[in-house]
Amino acid sequence: MAMISTLSAKSAALRLSFYGPGGTLFGIQIVNLLLTIMTLGIYSFWGKVRVRKYLYSQTEFSGDRFTYHGTGKELFIGALKAFAIVIVFWVTVVVLAKLVGPMAVLLVYPVILVAIPYALYGTMRYIMSRSSWRGIRFSFRGDLKECMKTYIGGVLLTLLTLGLYYPYFHTKMRRYWINNTYFGNIPFHYDGEGKDLFGSFVLAVLLTIPTLYLYWFWYAAKVGRYDWSRTKFSGGQFESTVTGGALLGLSLTNLLLLILTLGLAFPWVIVRSLKFQFHYLTLHGELGLSKIQQDARGLRIGATGEELAGALDVGSALG
Amino acid sequence: MQTTWRGHYLDGVTADPIPVTVIPTPHGFQILKPAGSDLWRYSEIQQTQGRYAGEPVRFEKGHDPAEVLVIPDASILTAVRRTAPEAAGRFHNPAVRVNRPWWITLAAVVSVVAGSGIYFWGIPAATDFLADRVPVAWEEKLGQTVVNNLVGSSPACDDPLAEKTIEQIVKRLDQAAPSHPYTFRVMLVTDPVVNAFAAPGGYIVVFSGLLEKSRQPEELAGVLAHEMQHVIRRHGTKAVFRDLSTSILIAALVGDTSGVTSAAMKGAKTLSGLSYSRKNEEEADTLGMEMIQKARIDPHGMVGFFETVQKEYGREPEFFRYFSTHPNTSDRIRRLSAMADRAAYKPVPLISTQRWRAVVGRCSSPKT
């Protein structure tokens, strides 16, 4: 039981490890592809679940694997609902365009501005409620109104300030996402401030052209290190040592792999990226795991938000 | 032989793992905890992890939250199959992992075969089936949209004589056509383009440039016959359907619902571009020529028109032959003139040459 005793070792650095070989993921995705073709697309939701279950069960933290509890049926129902929402919306726009005139199409922008935070919120709630470690569920307990306010206000302010507000928007959103995320009954904690990133952000904007956009990798690394240095769980402090050069190397090699294999290397790219993230991320300090209690809120949360996020192409924005 | 396995138990309430020893018995797992012993019956247990090499085996009992048993050594699965054969079906069999590479290869091959089968044969068959059952009223609406999109800005040529002449030609062709539910509506548009197109539901748009390049009414009749066949064979409706369903299928494959929205937009694009497949063009050529002959119109007129086009736009390089959606003009001329040469009847003239000359002059393009 060596793996369990590491828990009590007080300030040893803990890290996430990913064990899965890319080849196994490739096999899963090929079989998913076949079944998806055979069922004219319907299986893709169940396929997505198989991939997630694999990625979770191959990820270990402190001697235990993560578990994904979502089902294909939930995703399928969520997709049907998201599809219905999109259809109803388009029909409304078309009808309005007939009644009011072509200006009604402009309605699309405010609706999308509302739909994106709603979808992100739904994704976060769904994914967290379906994730567990040591049998304890994660959960997201944010308030939808606050999400809307922070997101819409942030987008508008960013537009008004010609992008200068962006670092503040980033930290505010992250504060909202992280501080409302719980493991069992204990919340995560993030207290990043936009002003700490503002200087680097302006520098990155200025260096965009001279460095042919490459400086953004160093900016991304800096934000990554900063964000994790401001993230805590219970008595534990996260730390990332990622560098811009490493991020650039990962992106270039991934791109090269995909091009050389005509996209077939996609599963390996996923695995490499996960291993990369976990390599640079550590957690120090006393987690106080004995204080943690199951708090199975949100087990009945549906997947509409997530599928709507898919429909709007915003899923990746959560990172 | 190994009879006990080490692992840990999670109660689903706290995050503290409790070290346990597990013994597979004929009825279930005998679980020895520091605080006592417990029996998990196989019928109450689900295996949720441990299907892949190196992955600890995870058993769950109950729901929301479940109690959990984690055993790093997957050989316990083989032991259960031995001690309790009737419970074996509930759990993963590590022996099948050996076959996985074969299944994956098979799946890859079948995916490619099935994917191309659906793409090249299944979708066309299904959409053609559906397009053949679309109510004519829908097609007319669709056609109206296309016509408005494409010629909305060009001025109509309101010349009664020219319109009447074209209508007369269409009527004669229509009488020779197989029975169909469409009412042909011809629009004459002032535009120097040498072209005509058909939209779903019976709309045919003729640009005045075409009128001027047609030396004889029989040449115009050839083009009209071709366009009328696009309508009768529902080529436009089929093209829209096929485009839509292909995008939807691809969207479904990559599990991306946003594709559905873009598919709707792409369908709209097809409408405005209105390109037919090469096969459809050839079909319209052949059936149009048959219609011409049944109407006893001089078949060399249709051939003559394409010869004019070829002179006007030059020969397409051979290279494009296999990539272009439109048949190569030389091929068309060859095929059509072979059909025309086989015709054995005395052509009945459409209208007098005098009247044709009058029509051609009537609707000239505006000077730009």
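Since we're looking at a predicted model, the values are computed, not measured. (Residues numbered from 1 in each chain as written. Chains lettered and ligands numbered in written order. Predicted model: local features only at pLDDT ≥ 70, side-chain atom pairs only at ≥ 80, totals over all residues. Heavy atoms only, no water.)

### Things to note about the overall build of chain B
- The helix and strand tally for chain B stands at 12 helices and 10 strands.
- The 368 residues of chain B split such that 47% are buried.
- Here the analysis covers contacts within chain B between residues at least 6 apart in sequence; of these, 61% occur between residues at least 24 apart.
- For chain B, the accessible surface area stands at approximately 18400 Å², while carbon and sulfur atoms represent 59% of it. (Helix = DSSP H or I, 4+ residues; strand = E, 2+ residues; numbered from the N terminus. Buried < 20%, exposed > 50% of the residue type's maximum accessible area, 1.4 Å probe, protein only. Contact = heavy atoms within 4.5 Å. Areas by Shrake-Rupley, 256 points an atom, 1.4 Å probe, with all protein chains shown as cover.)

### Some points on a nonpolar patch on the surface
- The grouping of A:Phe83, A:Ile87, A:Val91, A:Val95, A:Leu99 and A:Val100 at the surface amounts to a nonpolar patch, some 560 Å² of accessible area in total.
- As for its position among the elements, A:Phe83 is in helix H4 (residues 72-100). (Patch = residues over 30% accessible without salt bridge, like charges linked within 9 Å, V, L, I, M, F, W, Y side chains within 5 Å. Salt bridge = Lys/Arg side-chain N within 4 Å of Asp/Glu carboxyl O.)

### A look at the nonpolar core
- Ranked by size, the top nonpolar core spans 48 residues in total, and within it B:Leu173, B:Val206, B:Leu220 and B:Leu224 carry the most contacts.
- Take this core: its biggest share by element is 8 residues, from helix H6 (residues 217-232) of chain B.
- Dropping the residues within four chain positions of it, B:Leu220 is found in contact with B:Ile166, B:Ile169, B:Val206, B:Leu210, B:Leu211, B:Ser214 and B:Trp356.
- Residues A:Tyr126, A:Phe138, A:Phe233 and B:Ala15 belong to the second largest nonpolar core, which totals 47 residues. (Core = buried A, V, L, I, M, F, W, Y, C linked by side-chain atoms within 4.5 Å.)

### Quick look at the environment of B:Thr353
Residues and elements named next belong to chain B.
- Structurally, threonine 353 is set in helix H12 (residues 353-362).
- You can call threonine 353 exposed: its relative accessible area is 52%.
- With 137 residues separating them along the chain, threonine 353 and glutamine 216 place their C-alpha atoms 7.4 Å apart.

### Quick word on unusual backbone geometry
Residues and elements named next belong to chain A.
- Its identity as a non-glycine residue notwithstanding, leucine 162 has a phi of 55°, on the positive side.
- Along the chain, the position of leucine 162 falls in the loop between helix H6 (144-160) and helix H7 (166-179).
- With phi around 55°, leucine 212 is a residue other than glycine that occupies positive phi space.
- The residue leucine 212 is located in the loop between helix H8 (194-207) and helix H9 (215-229) in this model.
- Accessibility expressed as a relative area gives 65% for leucine 212, which makes it exposed.

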